[in-house]
Structures are given as structure tokens and as C-alpha cells.
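Coordinates in review
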Amino acid sequence: MADVALRNVVKRFDDVDAVRNISLTIPDNEFVVLVGPSGCGKSTTLRMIAGLEEATAGDILIGGEVVNDVPPKDRDIAMVFQNYALYPHMTVFENMSFGLKLRRVAKAEIRARVEQAAKILDITDLLGRRPRQLSGGQRQRVAMGRAIVRNPKVFLFDEPLSNLDAKLRVQMRTEIKRVHQKVKTTTIYVTHDQVEAMTLADRVVVMNGGRIEQIGRPQDLYHRPKSRFVAGFIGSPAMNFLPARLQSNGDGLLLRLAPELAFPVPPTHTARYQSSAGKDLILGLRPEHITEPRGEGREPRCEFAMTLDVIEPMGMETMVFFTVNGTEVCARVEPSAASAPGQPMRLYANLNHMHLIDPATELVL
Amino acid sequence: MTAVVAEYPGRSGASLKRSRRWALITSYFFLILFAIFFLTPPYYMIVTSLKSDAEVAHLATNPWIIANGITFEQYRLLFQESDFLIYFKNTVVVTLCVVAITMVVSVLAAFSLSRMRFWGSGILATGIFLTYLIPDTLLFIPLFQIVRGLGLLNSYWSMVLVYPTLTVPFCTWIMIGYFQSIPKELDEAALIDGAGHMQMLLKIFIPVALPGIIAATIFAFTVSWAAFVYPIAFLFSADQQVLTVGTVTSLIKADVYKWGMLMAGALVAAAPPLVVYAFLMDYYIAGLTAGATKG
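Below, the structure is looked at part by part. Residue positions are given per chain, counted from 1 along the sequence in the order it is written. Labels follow written order: the first chain is A, the first ligand is 1, and so on. Only residues with pLDDT of at least 70 get local features here, since the model is predicted, and only at 80 or more are side-chain atom pairs given and counted; chain-wide, interface and lining totals rely on the full set of residues.

1. Focus: the packing of helix 4 (residues 84–115) of chain B against helix 11 (residues 210–226) of chain B
Residue and element names in this part refer to chain B. It is the contact of helix 4 with helix 11, at a shortest axis distance of 9 Å, that shows an interaxial angle of 140 degrees. In terms of orientation, helix 4 lies oblique with respect to helix 11. Helix 4 and helix 11 meet at a crossing whose hand is right-handed. Note on element contacts: helix 11 touches helix 4 through Ile 213, Ala 216, Thr 217, Ala 220, Phe 221, Ser 224 and Trp 225, opposite Thr 91, Val 94, Thr 95, Val 98, Val 99, Thr 102, Met 103, Ser 106 and Val 107. For this scheme, ten residues count as nonpolar: Ala, Val, Leu, Ile, Met, Phe, Trp, Tyr, Cys and Pro. Four count as charged, namely Asp, Glu, Lys and Arg, and the remainder, Gly too, count as polar. The residue makeup of the contact of helix 4 with helix 11, split by class, is 10 nonpolar, six polar and no charged. Helix axes are fitted only over the stretch in contact, all axes being lines through C-alpha atoms; the angle between N-to-C directions runs from 0 to 180 degrees. Elements are defined by DSSP. Helices are runs of H or I of four residues or more, strands are runs of E of two residues or more, and each kind is numbered from the N terminus. Just so you know how the angles are binned, under 35 degrees is roughly parallel, over 145 roughly antiparallel, 65 to 115 roughly perpendicular, and the rest oblique. Crossing handedness is read from the near helix: turned anticlockwise from the far helix by less than a right angle, it gives a left-handed crossing, and turned clockwise, a right-handed one. By the convention adopted here, residues are in contact when the distance between their C-beta atoms, placed from the backbone, does not exceed 7 Å.

2. Considering helix 4 (residues 136–149) of chain A
All names here are of chain A. With 14 residues, helix 4 ought to run about 20 Å at 1.5 Å a step, and its terminal C-alpha atoms sit 20 Å apart, in line with that. Within helix 4, 11 of the 14 residues are buried, leaving the element largely enclosed by the surrounding structure. Tucked inside the fold, the buried residues of helix 4 contact strand 6 (77–80), helix 2 (92–102), helix 3 (107–121), strand 7 (154–158) and helix 5 (166–182). Residue count minus one, scaled by 1.5 Å, sets the expected span of a helix. We call a residue exposed when 12 or fewer other C-beta atoms sit within 10 Å of its C-beta, buried when the count reaches 20 or more, and partly exposed for counts in between; the C-beta positions come from the backbone.

3. Description of the interface of chain A and chain B
In this assembly, 17 residues from chain A lie in contact with 14 residues from chain B. At the level of elements, strand 6 and helix 2 of chain A are the ones that each hand at least two residues to the side of chain A that touches chain B. Tallied by class, the residues present in the side of chain A that touches chain B amount to 12 nonpolar, three polar and two charged.

4. Overview of the packing of helix 2 of chain A against helix 4 of chain A
Two quantities define a packed helix pair, namely the angle between the axes and the distance from one axis to the other. Residue and element names in this part refer to chain A. The N-to-C vectors of helix 2 and helix 4 enclose an angle of 30 degrees; their axes lie 8 Å apart at closest approach. Between helix 2 and helix 4, the crossing angle belongs to the class labelled roughly parallel. Of the two possible hands of crossing, helix 2 and helix 4 adopt the one that is right-handed. For the pair helix 2 and helix 4, the contacting residues are Val 92, Asn 95, Met 96, Ser 97, Gly 99 and Leu 100 in the first and Val 142, Gly 145, Arg 146 and Val 149 in the second. A class-by-class count of the residues in the contact of helix 2 with helix 4 yields five nonpolar, four polar and one charged.

5. Some points on the sheet that holds strand 13 (residues 261–264) of chain A
Residues and elements named next belong to chain A. A pair of strands is labelled paired if DSSP reports no fewer than 2 bridges between them. In space, the five strands of this open sheet follow the order 13-12-11-14-21, with antiparallel pairing throughout. The sheet is open, and its two edges are formed by strand 13 and strand 21 (355–357), each paired on a single side. Going across the sheet, the axis of each strand differs from the next one's by a mean of 40 degrees, ignoring polarity. Judged from the six bridges that link them, strand 11 (residues 240–249) and strand 14 (residues 280–285) form a sheet pairing that is antiparallel. Residue pairing for strand 14: Leu 242 is matched across the bridge by Leu 283.

So, in C-alpha cells, the structure goes:
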């Protein structure tokens, strides 16, 4: 059990800056997910914490101690790899006990710990098999078991579910969460899948271009993104971004998307955006906040009609796509309310959930 | 329409069967041809080794069959009246030592070259392979100077010294290819599990790369068992001689060829490699191809 801290950590490969000066504190027992597109530096950060990569600058602390010069085996961490990295010539039992054997743990103790971990992961029947006799999901469990038996200070997961099919991925996601609830340990989990990040994390760290864009609880990132990148990365389908001009309109503000399409800014938001009146901005609005007209007390001027381009029925909801001033927009509507492609549909934009982004800084106002 | 659709797969199936049959017939024809071609010399050797000297010398008899009854006289003479057993023992000692030295050196070299990234490791790996491309017929003259300088001329220990110049580069190269095909995450997992470089090599790499190691071992075995140029250049006396050269030099005296014993000796000398191949052939092929495609 330990907290993990990064202080101004930099990683440079030749002349490529993979990680640019990041600082992060992870309290004991927290489940933190590093998420971002490929090449954002999340895996490199994890590998530096593991000791598989050396930090070019900055300090890495585990349990309050600087571990920059401590070899991986002495950092008391366990890591689960994307391709499982099970030793192919060893049985499941041998795979799980290998680390304990190297640490000269007593045989009876090893057996007890492996059996306990196997029980948690429901792989007791597989202990005598070799990795090639296991399915992808079973291999992933064994890889987790190998980490659990060590009883480390920190668990590191490097995209552990990427090699699994969609259904199994959802199952294993729940499994990982269940295991973390049972075996409370500081966990750092790397993924490029924002759904995994949202569902697993106590806190999510969104990374982009080697920097941390935002750190926060999943709900905070969803409702209060700090930048256009975070707003677009978190949430599926992604947030719509529409160029718009913020205009003064008597006491209030008006957001003009097209000559014939303008929405009033809700009075609750007016004070916040007043200083930006007259500027060209970007409106960020999630598909779930563009629906068929529904709900009490909605602003009648936020209703509009659009000709639909594409319709994607998902079962419990339907995605409809249309174009505003050359930009494609996605809306999430009741299946029964969706009209047909090429047909007009009455829609409602719930601007209470709007975000305005400054195109120059890409930051949310 | 439906009739055509129903008929079509049947017709194509028949033609597929026919073309497969022709492919098989052609394969069998050439395979049998090659088998006959390559098995004729061993057959001739067996037949000759089981004849008496009188029958071998008799020009009127058919050389392909044993007319006057099978005799093991040639083998008895070979083992009791010649130095064959000394050559055999020398060859076994040399081969075991060479295989052991080769495997230790090449596994360690391949591990460090493929996994422990250090300055110049890429150039070194290429350099090692290039040394393999220099034929031993060119190397034996400078090596002669070295062996003489070391005072090892006419000692079979000189073979233990010089054969690795042939075996180490190739085996290292095979092992580099094999080690490189092992995913990087495996050593990282071992590193985190607490293994040092030596434990990683002994407990992970060697067991995982066993087919490659067996392939390299067979190669080293074959090279040192069958080498001819170095022993004929460096060894002179019978007590130091190895099989390949010893059999030929002791059983051919000027223009007197002891054909029966020569053939018996060649057969006995060829037996150990045959046994090794028969048991380890699958590993050998698996090892070579894995190194070739993934390396």
C-alpha cells in the first residue's frame, strides 16, 4: 500500500519528447486511469513508474521515496501487460509463483497465496495448464493473478483489455473493478478507451501530446471539461463542436450558428460569457443534449428543424446526423421520434449543458 | 438454374481431386527419384562392408549384391586391428567440448546482442555473422600459425580451439533470431518479477528458445563431427587423429585401398549424426525456420 507521485517528470527519446513535465499525486488505494490517444505518453509514464524506462528529468516517488534509481524488482510493483506476457513454458501455477520463488518465499506460503489469488479470479481449475491452453480472458486473469499474489504496493495495468473481443472486454472490466474492491491497492491503469477510463477510475488523467490535459473524477471530466481536447475525448459519441458567434441581445446573449439559426444563451450562463460577447467561439454540445423536443420548461427558441442525413438506430436510442453550416452534428433521440434520412426533423438543443471554447486557446471558457 | 448451381461444385470438386492426384503423383515420382539417388551410396557402403576382402577384390562378382554370404569380418578388423576406436574416442571428446563451448558462448552472446542494448551491439551482431561467411579453407593457413604458436600442433585439443570459429558465429546468429522472436514484455515481466539478467536467461529465455538451442546444438555437433580441412592440416599422428581424416589415412596405404574396412568405418562414423538427427529432426527444422522468419 503506497501513494505514488510524479514531480516534473520528463522523458525524451533522442529528440522526441514523449512526456513533457508532468506532475501527479495518487493517494493510497486510489484507482487512477491514464487515458489519451496513442502517442500521448501514457504508456511511457506507466513504464517510468514501473522502472522499465528511465526518467530524463524529474522525480518518481512510491510510498514517499524517490525510486528513480531503484530497479523494477525493488519497487514493489506488479504489472499486467497488454499481451499478458505469461511465461509460455510454465503452468499457470508456476507463472503466478515465479516472482515469489525468486524472492525466496516459503513453499507453503507460495501455495497459499497462489490458491487465494486463484480463488479471487476463479481460475483454480486452470492452475495446472499452460498459457497456450487458455483463452484470452483466462490468460488475462492469470496475468492479474500473477500481479495479485505478489501483494505489491502498486498495480500497473498497461492496456490490459485491448487484445480481448468487445464482449469479453466488458466482462473483464467489471472483473478488474471487482478485484480492486476486494484487493484494495493503489492502481494505475493505462488505456486509450475512454469508456474503460470512465467506468473504472476513481480519477481519470487525460493526457495529450506528452502533457496532462486534465485530472478529475469521471463525472467532472464529463460535465466540466477544461479544454476542447478533453471535451471531445470524453463521451461517446463525441461532443459536437460548432463555430458560433456570441452576440449581445438586449440583456441577454445570443449564439448565432448560421444566418438562420441562433439560440439564446440561458440566463444562468450569461454572466459567465458576458465578456466574450462579439467574439467568434466554438459551441460544444454533447449529442445527448440535442434531442427531440422533450421535458418541461424548455426554451422554445432552442427548438429547430433540420433535414437528416444519416440515421443510426442503436436499440434504446437512435443517433441522427445532420449538417449545420457545413459541420456535421450528431443528436441522440428517442427511436420513435426519429424521422427518415432526407426528411426534416424537429429537434431541441439543451443549452443548459453548453460549453463555449475559445478557438485561439482551445480552452473552455 | 438450380440444376447448374447444384452441378457446378461437384464438377469443380472432381477437377480439384484430379489436379491433387497429379500433384501427388509428380511429388512421389521426384521424391522417390531423389531417395534412390541419395540412398544409393549408403547402400553400396553397407553391401561392401558386409563382404569379405576376397569378394571385394574379385572383379567378376556383382558389386551391388553379396554373393558369398554376409560376414562381419570387416567390422572386427576395424575395431580390433586398426586405430578406429582411438579416432572415435578423440572425435567424441572434441565434439562434446566444441558443442559445450559453442552453446555457452553463442547463447550468452546472442542474449546480450539481442536483449541488452549497448553501444555497437548492432554492428557486432552483423560482424559475427560476416565471420561465418569466410570459408575454413581460407582460414586454416592463419590458424595454423596460431595453433603452432600455442604449441597445440598435432594435438586434438587444437580442434577444440579452432572448430568454434566455424560454429560460434552461425549458432549465435540462429540464437539472435530466436531470442528476438521472444516478446519484449516477457523479459519486462521477469524483470518486475525480480529476475536478474542471468535468471532471465536461464529460467525464461533458454526454456522458451529450446527448439532454437537444439537446432544450434545439432549444427555445432555436425560441423565438429564432420570437419575435414582442419584435422588434415593440424593433426599428424594416429593417437591424435579424428574419425574423418583417420579413417581415410589409416585404411588407404599408398595404392592399397581396404575397401571393406573403409566402408565399415564410414558407416560407423556416420551413425551418431544419424541418431542425433533422427531424434531431434523436428526441433532442428522448427528452430531453423523460427529463427529465419521471425529474426
